[in-house]
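Structural description and commentary
Okay, here's what each chain looks like letter by letter:
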Amino acid sequence: MDATRSANPNTQKTLILYWSATGNTEKVARAIERGAREAGANPVLLKVSEAMDVDLHAYDLVFLGSPSYSYMPPEPVLRFVKDRQEFHKRRGDIKVRAPRLPGKRAVVFVTYSGPHTGIDEAIPVGKYIGQLFAHIGYEVVDEWYVVGEFHGNLLHSTEGPLGDIRGRPNAEELANIERQTFSLVSAGHG
Ligand SMILES: Cc1cc2nc3c(=O)[nH]c(=O)nc-3n(C[C@H](O)[C@H](O)[C@H](O)COP(=O)(O)O)c2cc1C
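So, here's what we can say about the structure. Every chain is numbered independently, its residues counted from 1 as its sequence is written. In keeping with the predicted nature of the model, local features appear solely for residues at pLDDT of at least 70, side-chain atom pairs appear and are counted solely at 80 or more, and the whole-chain, interface and lining totals rest on all residues. Side-chain numbers here rest on the full set of heavy atoms in the structure, without hydrogens or water.

Formed by 26 residues in total, the largest nonpolar core has its most connected members in L17, L56, V62, F80, I129 and F133. Sorting the residues of this core by element identifies β1 (14-18), β3 (61-67), α3 (75-90), β4 (105-112) and α4 (123-135) as the ones contributing at least two each. Not counting chain neighbours up to four residues away, the residues in contact with V62 comprise L15, L17, L56, R105, A106, V107, F133 and Y138. Within this scheme, the nonpolar core is defined by two criteria: the residues are buried Ala, Val, Leu, Ile, Met, Phe, Trp, Tyr or Cys, and they are joined through side-chain atoms within 4.5 Å. Burial status follows relative accessibility: with a 1.4 Å probe on protein chains alone, a residue under 20% of its type maximum counts as buried, one over 50% as exposed, and anything between as partly exposed. Counting residues in each nonpolar core, the second largest holds 19 residues, with A29, I32, A39 and W144 among its members. Helix and strand assignments follow DSSP, with helices taken as H or I runs no shorter than four residues and strands as E runs no shorter than two, numbered in order from the N terminus. Throughout, a contact is declared for two residues whenever any of their heavy atoms are within 4.5 Å.

What follows covers the side chain of E149. With respect to the element layout, E149 can be found in the loop between β5 (139-147) and α5 (154-158). For E149, which is buried and forms no salt bridge, the nearest opposite charge comes from R166, at a distance of 6.2 Å. When near neighbours in sequence (up to four residues on either side) are disregarded, E149 contacts N24, S113, S157, I165, R166, G167 and R168. Neither His nor the chain ends is counted toward charge; the positive residues are Lys and Arg and the negative residues Asp and Glu. What counts as a salt bridge is simple: a side-chain nitrogen of Lys or Arg found within 4 Å of a carboxyl oxygen of Asp or Glu.

Surrounding the ligand, one finds 20 residues, the nearest of these being S20, T22, T25, S68 and G114. Throughout this description, a polar contact denotes any pair of N or O atoms lying within 3.5 Å of each other; where both atoms belong to protein, one of them has to be capable of donating a hydrogen while the other can accept it, and for residues adjacent in sequence the pair is counted only when both atoms sit in side chains. At 3.1 Å from an oxygen atom of the ligand is found a main-chain nitrogen or oxygen belonging to Y71. Between the ligand and E121, the relevant distance is 2.7 Å, taken from a nitrogen atom to a side-chain nitrogen or oxygen of the residue. Residue exposure ignores everything except the shown protein chains as possible cover, and the areas themselves are Shrake-Rupley values with a 1.4 Å probe. Protein chains shield 84% of the accessible area of the ligand, which is 640 Å² for the free molecule. If you map the ligand onto the pockets, it falls in the largest pocket. The set of elements that each furnish at least two residues to the shell around the ligand consists of α2 (24-38) and β4. Note on residue classes: Ala, Val, Leu, Ile, Met, Phe, Trp, Tyr, Cys and Pro are nonpolar, Asp, Glu, Lys and Arg are charged, and everything else, Gly too, is polar. For the shell around the ligand, the residue count by class is seven nonpolar, 11 polar and two charged. To be near a molecule or strand, a residue needs just one of its heavy atoms within 4 Å of it. Using protein atoms alone on a 1 Å grid, points that fit a 1.4 Å probe yet trap it form a cavity, whereas open point sets bounded by protein on both sides within 12 Å along at least five of seven lines form a pocket; residues with an atom within 4 Å of a point count as lining. A pocket or cavity is taken to hold a molecule when more than half of that molecule's atoms are within 2 Å of the pocket's grid points.

We now examine the layout of surface pockets. Grid points are joined across faces, edges and corners, and a volume is the space filled by probe spheres set on the points. Here the largest pocket is characterised by a volume of approximately 370 Å³. Every residue lining the largest pocket is counted, 23 residues in all, and those nearest its centre are P67, S68, Y69, S113 and F150. At the level of secondary structure, the elements contributing two or more residues to the lining of the largest pocket comprise α2 and β4. Residue composition of the lining of the largest pocket, grouped by class: seven nonpolar, 14 polar and two charged.

We now examine the pairing of strand β2 (residues 44-47). Any two strands with at least two DSSP-identified bridges between them are counted as paired. Sheet topology places β1 next to β2; four bridges connect them, and they run parallel. If you follow I16 over to β2, its bridge partner there is L45. Taken together, β1, α2 and β2 constitute a β-α-β crossover, and its handedness is right-handed. Looking down the strands as they point away from the viewer, one classifies a crossover as right-handed if the path from the first strand across the helix to the second runs clockwise.

The terminal C-alpha atoms of α2, which comprises 15 residues, lie 22 Å apart, in line with the 21 Å expected from a rise of 1.5 Å per residue. All of the buried residues in α2 are N24, T25, V28, A29, A31, I32, E33, G35 and A36. Packing partners of the buried residues in α2 comprise β1, β2, β3, β4, β5 and α6 (171-187). Just past α2, the residue G40 takes up positive phi, approximately 100 degrees. One less than the residue count of a helix, multiplied by 1.5 Å, gives the span that helix is expected to have.

What follows concerns the packing of aromatic side chains. In summary, the pairing rule links any two rings of Phe, Tyr or Trp, Trp by its six-membered ring, whose centres are within 6.5 Å, and it sorts them by plane angle into stacked for under 30 degrees, edge-to-face for over 60 and tilted for everything else. Within the structure shown, the criterion is met by three aromatic pairs. With a centroid separation of 5.6 Å and an interplanar angle of 70 degrees, the aromatic rings of F133 and Y138 are classed as edge-to-face. Look at NZ for Lys and CZ for Arg. If either is within 6 Å of the ring centre and within 35 degrees of the ring normal, a charge sits over the ring. One Lys or Arg, R84, reaches over the ring of F87 and ends 4.7 Å from the middle of that ring.

What follows covers the sheet that holds β2. Pairing within the open sheet is parallel, and its five strands lie in the order β2-β1-β3-β4-β5. Each edge of the sheet is formed by a strand with only one pairing partner; in this case those strands are β2 and β5. Averaged over neighbouring strand pairs, the angle between their axes works out to 15 degrees when direction is ignored. Here β1 pairs with β3 via five bridges, running parallel. By the bridge assignment, L15 is partnered in β3 with V62. Lines fitted to C-alpha atoms define the axes, with helix axes restricted to the stretch in contact, and inter-axis angles between N-to-C directions lie between 0 and 180 degrees.

So this is what it looks like as structure tokens:
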């Protein structure tokens, strides 16, 4: 498949992966799914636990989402990233200088509550996950950091540096994710 062809949303294969314990990251994943469909893609949406054997290279546009747990991805996401790293390493896909593969794009999305230091608790998660894609030839075209209520922790949902974050991500934020996804998938028209 050449780059032009793989960039057509009708043929571009789109994968949305996520892990979510209290639903925030799943809401973002579903907004991405809606945006991708509106742009003409036929995305596959999976939890990382359902995708432990996935060959990422079978997809042209991959979204991978995670919450922040102690400013890192939670254990299931870490395991997924490490397993895929090992898989691609064994297959010889990880090359010095990480050359880009034409038409391969990735977006990392992170939900976080930032109760202590705000977005700085989410950025390491996005950078860590992004490195998997960069190492296997994807261009990481975006990192989306989305504030999410800290379910079950009123103090962290109301008194942190981000203020009262109950109910987030809200409808407007999710609509914005949907729009951004639409643009990104549409930009793949070539
Ligand atoms: C065990 C645990 C640890 C967390 N640690 C952090 C943290 O270090 N920084 C942060 O910003 N949010 C932290 N959070 C909040 C979550 O990242 C945030 O609420 C996220 O949106 C949850 O995603 P989910 O609903 O998809 O599971 C933590 C949540 C839990 C349950």
